Amino acid sequence: MPVEEIPKETLLWMYETMVRIRVHEERVAELFAQGKVPGFVHLYTGEEAIAAGIMAHLRKDDFITSTHRGHGHYIAKGGDIKASMAELFGKKTGSCKGKGGSMHIADLDVGELGANGIVGGGIPHAVGAALGIKLNGLDSVAVAFFGDGAANQGTFHESLNLASIWKLPVVFVCENNQYQISLPAKEHTNVKDIAERAKAYGIPGVAVDGQDVLAVYEVAKEAIERARRGEGPTLIEVKTYRFRGHFEGDPQVYRSKEEIEWWKENKDPIKIFEKVLLEKGIFTKEELEQVWERARKEIEEAVKFAEESPWPTKEDLTEDVFSTPTKGVLVWQW
Amino acid sequence: MAMVREITFAQAINEALDYEMSKDEKVIIMGEDVGRYGGIFGATAGLYEKYGPERVRDTPISEAGFIGAAIGAAATGLLRPVVELMFIDFLGVTFDQIFNQAAKMRYMFGGKAKIPMVLRTTCGAGFAAAAQHSQSLHALFVHVPGLKVVMPSTPYDAKGLLISSIEDDDPVIFIEHKGLYGIKGPVPEEPYTIPLGEADVKKEGKDVTIVATAAMVHKALEAAKKLEEEGISVEVVDPRTLVPLDVDTIVNSIKKTGRLVVVDEGYPRCSFATDIAAIAASKAFEYLKAPVKLVTPPATPIPFSPALEKEWIPSAEKIEKAVKEIL
Ligand SMILES: Cc1ncc(C[n+]2csc(CCOP(=O)(O)OP(=O)(O)O)c2C)c(N)n1
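Residues numbered from 1 in each chain as written. Chains lettered and ligands numbered in written order. Predicted model: local features only at pLDDT ≥ 70, side-chain atom pairs only at ≥ 80, totals over all residues. Heavy atoms only, no water.

- Chain B has the name Pyruvate dehydrogenase subunit beta in an unreviewed UniProt entry, where Thermococcus paralvinellae is given as its organism.
- In its Cofactor (unreviewed entry) section, the UniProt entry covering chain B states "thiamine diphosphate". (UniProt positions renumbered as here; feature names shortened; annotations may be inferred.)

- In the annotation of an unreviewed UniProt entry, the entry for chain A reads Pyruvate dehydrogenase subunit alpha, and the organism field reads Thermococcus paralvinellae.
- According to its UniProt record, chain A has this under Cofactor (unreviewed entry): "thiamine diphosphate".

And the structure:
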């Protein structure tokens, strides 16, 4: 999509969102290496253009469902970085009070129905959200994010079918980063584009370059507008690449250093976008540099907040199991 | 006599798989990242290089599909698949195949089918992996007739029990606690089997019996050591296989000590711990000098924060306390 057709504030928002995600993820990698962020951590570095390009069309009252690689989605959807950073640390002030962590960040205040530790687990939730939207006569949409690996789960196929026959306002976004942990996509899927699978469910399917935020923005616009108009679901496959291992600590025995370097050098979504913005004279180098500075400052503040926050206590352990506290549910001290 | 070398629990699993693959062409491995990657916990390392991609198959993320395929392959008698379910938590995706298909086939077919397959999976908390990657769901399998359930606690048991499981003609759920992969212990180089259904007395004692499973065996031994210093003699019994269950060894130990503490990482209600307590009540009631004590986590999902998770997992201190309460 010609960059001139996109409002300047949207361009700035997309650039800023990508930068915030990048800075966040690089900082989280450090914090994980220092042992401050425990558990499994799956970073979004290299895939930032997808969250930015899709979320540019979403409102607060739209819903998303996310994956184990969800930090980018959460940030782009307008999540509270302080609360999510505290969550990554396992602190009481975290968005899930330290009970969810990186793989399970959720925040209904911004329409984030949850990252998910189960591959494919969140796809049907987006269908359900869209059903609710439709039955309540709203013009919101639901977007399900998932990986190429997840596109082989039963939930993917069942969800596309349901959304199609019920004509629901949902957009399925398959982030094809070419690996399912160690298995290359060409060894787990025998179609050229996962987008082709849309045909089997009678809905539009489109594959797009996920390193080009303008391209993502364009196909997302079409799909989300179509959903808002009540014309039903779309499957978008975004071709991308994760710059880091599957999770932090992954020895990456399944791919070469050269391959990773090639992508970082030639297909960095931030560099690609930057080039367009500068060449067209939309922003100056200084303006873009300020974006990085703001992001670094914001992330540092979040880290400080997380570090200074208290740990949850013993009493917190047994809270939140049910919404209505009922006598006798916690029998275990025999 | 030569000292037996020490290897890790993960290496012991690996040796059992390697031995069975070398011995029987029908044994194949399937699962996510079991090939080039060698399994995300390293249990299948080197097997892909040795036996090739046909017999060590990386699968798409479609657990119902590939576990179902293993069941079908086993039912034909053409293969003896060993399938890896990366985390026991993902069981939910595959419920029907395991509970209604694998567990029921032989019975419903009037005994005409054999299902020689092993489903290897991992359990256990302690890694800040939160509620969807930390559970110990063995009780669910124990509940359903038609499945054998194995849960080793040492490298020695792991090797012998896995060889037995692969050679068994029934569907076996083989559960490996993530916290055990790194522990070392003496394991003979040559293959050997440990029969399913034989408990092991990990430590003899006379004042109280602790029945514990998987990683909890080590916590129980730690507690026993402390209690021993205070003059309390603890017997630690590890059932090793939950189905079939060696009821005799457990009951005989209770008869000897007159006291029972059960330690299990599964959720507290309708659990393996309550099952053992019920067995004690129905088979050894007259020998019991005190109420049976259970040490389990609370009935909550497993929290992410290490501060909370530490509270959640049964500790050696909690076991010591339970023992003292019934003395
Ligand atoms: C049901 C289920 N099976 C397996 C896993 C283990 N697992 C976690 S992430 C992952 C790979 C996911 O690949 P993909 O969907 O392509 O997403 P990506 O990590 O590439 O973003 C696997 C196998 C899981 N969490 N849930």
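**Digging into the overall build of chain B**
Okay, step 1: Each helix and strand in chain B was counted, giving twelve helices and 14 strands.
Okay, step 2: Relative to a compact globule of 327 residues, whose C-alpha radius of gyration would be 20 Å, chain B shows 20 Å and is just as compact.
Okay, step 3: The principal-axis extents of the C-alpha atoms in chain B amount to approximately 55 × 45 × 45 Å.
Okay, step 4: Per-residue burial over chain B gives 61% buried out of 327 residues.
Okay, step 5: Across chain B, the 35 positively charged side chains and the 44 negatively charged ones have centroids separated by 3 Å. (Helix = DSSP H or I, 4+ residues; strand = E, 2+ residues; numbered from the N terminus. Rg over C-alpha atoms; globule rule 2.2 N^0.38 Å. Buried < 20%, exposed > 50% of the residue type's maximum accessible area, 1.4 Å probe, protein only. Lys, Arg positive; Asp, Glu negative; His and termini not counted. Charge placed at Lys NZ, Arg CZ, Asp CG, Glu CD.)

**Some words on the pairing of strand 13 (residues 260-263) of chain B**
For a regular strand, side-chain orientation follows a simple rule: the groups alternate between the two sheet faces.
Residues and elements named next belong to chain B.
Okay, step 1: The alternating pattern of strand 13 places Leu260 and Val262 on one face and Val261 and Val263 on the opposite face, and all of these are buried.
Okay, step 2: Here strand 10 (residues 208-212) runs beside strand 13; their pairing, made up of four bridges, is parallel. Note that in strand 13 the partner of Ile210 across the bridge is Val261.
Okay, step 3: In this sheet, strand 14 (residues 293-295) lies alongside strand 13 in parallel orientation, the contact comprising three bridges. Looking at strand 14, one finds that Val262 is bridged to Leu294.
Okay, step 4: In terms of handedness, the path from strand 13 via helix 10 (residues 272-283) over to strand 14 forms a crossover that is right-handed. (Pairing = 2+ DSSP bridges. Right-handed = clockwise from strand over helix to strand, strands pointing away.)

**A word on the sheet that holds strand 13 of chain B**
Residues and elements named next belong to chain B.
Okay, step 1: Taken together, five strands build an open sheet; the order of strands is 9-11-10-13-14 and the sheet is mixed. In the strand order of this sheet, the two ends are held by strand 9 (200-203) and strand 14, each with one partner. On average, each strand axis in the sheet is inclined to that of its neighbour by 25°, with strand direction left out of account.
Okay, step 2: Where strand 9 and strand 11 (residues 234-238) come together, three bridges link them in antiparallel fashion. Residue pairing for strand 11: Asp200 is matched across the bridge by Asp238.
Okay, step 3: Across the face of the sheet, helix 8 (residues 215-229) comes into contact with strand 9, strand 10, strand 11 and strand 13 while running at roughly 170° to strand 11. (Axes fitted to C-alpha atoms, helices over the stretch in contact; angles between N-to-C directions. Contact = heavy atoms within 4.5 Å.)

**Comments concerning the site of the ligand**
Okay, step 1: Around the ligand, 22 residues are found, and the nearest of them are His68, Arg69, Gly117 and Gly149 of chain A together with Glu63 of chain B.
Okay, step 2: Each of chains A and B places residues next to the ligand.
Okay, step 3: Separating an oxygen atom of the ligand from a side-chain N or O atom of His246 of chain A is a distance of 3.4 Å.
Okay, step 4: Compared with its free state, where it exposes 580 Å², the ligand has 97% of that area covered by protein. (Near = heavy atom within 4 Å. Polar contact = N/O pair within 3.5 Å; in protein donor to acceptor, adjacent residues only side chain to side chain. Areas by Shrake-Rupley, 256 points an atom, 1.4 Å probe, with all protein chains shown as cover.)

**Quick notes on helix 4 (residues 81-89) of chain A**
One turn of an α-helix holds 3.6 residues; hence residues three or four places apart share an orientation.
Residue and element names in this part refer to chain A.
Okay, step 1: Counting buried residues in helix 4 gives eight out of nine residues, a clear majority hidden from the surface.
Okay, step 2: Buried within helix 4 are the following residues: Ile81, Ala83, Ser84, Met85, Ala86, Glu87, Leu88 and Phe89.
Okay, step 3: The secondary structure elements touched by the buried residues of helix 4 are helix 1 (8-33), helix 3 (71-76) and helix 11 (285-308).
Okay, step 4: The N-terminus of helix 4 is capped by Asp80, whose side-chain oxygen sits 2.9 Å from the backbone nitrogen of Lys82.
Okay, step 5: Among the residues trailing helix 4, Gly90 stands out with phi positive, at a value near 85°.

**Side note on helix 12 (residues 316-325) of chain B**
Okay, step 1: Within helix 12 of chain B, the full set of buried residues consists of Ala316, Ile319, Glu320, Ala322 and Val323 of chain B. Down the axis of helix 12 of chain B, the buried set is contained in an arc of 160°. They therefore lie on one face. (Arc of directions from axis to C-beta.)

**Here we look at the interface of chain A and chain B**
Okay, step 1: Listed per partner, the contact involves 47 residues of chain A and 43 residues of chain B.
Okay, step 2: For the pair chain A and chain B, the summed buried area comes to about 3400 Å², and 67% of that belongs to carbon and sulfur atoms.
Okay, step 3: Scanning the region where chain A abuts chain B turns up one salt bridge.
Okay, step 4: Arg36 of chain B is the partner of Glu187 of chain A in a salt bridge, and the nearest nitrogen-oxygen pair spans 2.7 Å. (Buried area = accessible area lost by both parts, 1.4 Å probe. Salt bridge = Lys/Arg side-chain N within 4 Å of Asp/Glu carboxyl O.)

**Section: the nonpolar core**
Residue and element names in this part refer to chain B.
Okay, step 1: The biggest cluster of nonpolar side chains holds 95 residues, and the ones touching the most others in it are Ile98 and Phe141.
Okay, step 2: If one sorts the elements of this core by residue count, helix 1 (residues 9-23) sits on top with seven residues.
Okay, step 3: Counting contributing residues per domain, this core is built from domain 1 (6-186) and domain 2 (200-326), each supplying no fewer than three.
Okay, step 4: Excluding its chain neighbours within four sequence positions, the residues that come into contact with Phe141 are Ile88, Leu91, Ile98, Phe99, Leu147, Val149, Ile173 and Ile175. (Core = buried A, V, L, I, M, F, W, Y, C linked by side-chain atoms within 4.5 Å. Domains from an automatic or database assignment.)

**Quick notes on the UniProt feature "domain: Transketolase-like pyrimidine-binding" (unreviewed entry) in chain B**
Okay, step 1: Mapped onto the present numbering, the UniProt feature "domain: Transketolase-like pyrimidine-binding" (unreviewed entry) falls at residues 7-183 of chain B.
Okay, step 2: Taken end to end, residues 7-183 of chain B is 39% helix and 18% strand, and its two terminal C-alpha atoms sit 8 Å from one another.

**Points about the domain arrangement of chain B**
Reports of interface size often rely on the accessible area that becomes lost once the parts have come together.
Residues and elements named next belong to chain B.
Okay, step 1: The domains assigned to chain B are domain 1 (6-186) and domain 2 (200-326).
Okay, step 2: Between domain 1 and domain 2, the C-alpha centre-to-centre distance is 26 Å.
Okay, step 3: The interface of domain 1 with domain 2 comprises 28 residues on the first partner and 27 residues on the second.
Okay, step 4: Here domain 1 packs against domain 2, burying approximately 2100 Å² in sum over the two surfaces, 64% of which is carbon and sulfur.
Okay, step 5: When the area that domain 1 buries against domain 2 is broken down by residue, the three leading residues are Ala128, Met151 and Ser153, summing to 22%.
Okay, step 6: Linking domain 1 with domain 2 are two salt bridges.
Okay, step 7: In this structure, Lys202 engages Asp157 in a salt bridge whose closest nitrogen and oxygen atoms are separated by 2.6 Å.
Okay, step 8: Inspection of the domain 1/domain 2 interface yields 15 residue pairs in polar contact (both at pLDDT 80 or more).
Okay, step 9: Elements that contribute at least two residues to the side of domain 1 that touches domain 2 include exactly helix 6 (138-143), strand 6 (148-150) and helix 7 (155-167).
Okay, step 10: Its residues assigned to classes, the side of domain 1 that touches domain 2 comprises 17 nonpolar, nine polar and two charged. (Nonpolar A, V, L, I, M, F, W, Y, C, P; charged D, E, K, R; others polar.)

**Regarding a nonpolar patch on the surface**
Okay, step 1: Judged by side-chain polarity, Leu162, Ile165 and Trp166 of chain A come together as a nonpolar surface patch covering roughly 280 Å² of accessible area.
Okay, step 2: Here Leu162 of chain A is to be found in helix 6 (residues 154-165). (Patch = residues over 30% accessible without salt bridge, like charges linked within 9 Å, V, L, I, M, F, W, Y side chains within 5 Å.)

**What about the pairing of strand 4 (residues 80-85) of chain B?**
Residues and elements named next belong to chain B.
Okay, step 1: The buried count for strand 4 comes to six of six residues, which makes it a mostly enclosed element.
Okay, step 2: Of the two faces of strand 4, the one holding Arg80, Val82 and Glu84 and the one holding Pro81, Val83 and Leu85 are both buried throughout.
Okay, step 3: Sheet topology note: the strand 2 (residues 27-31)/strand 4 ladder contains five bridges and is parallel. Residue pairing for strand 4: Gly31 is matched across the bridge by Glu84.
Okay, step 4: Alignment of strand 4 against strand 5 (residues 118-123), held across four bridges, turns out to be parallel. Its bridge partner lying in strand 5, Val82 is registered against Val118.

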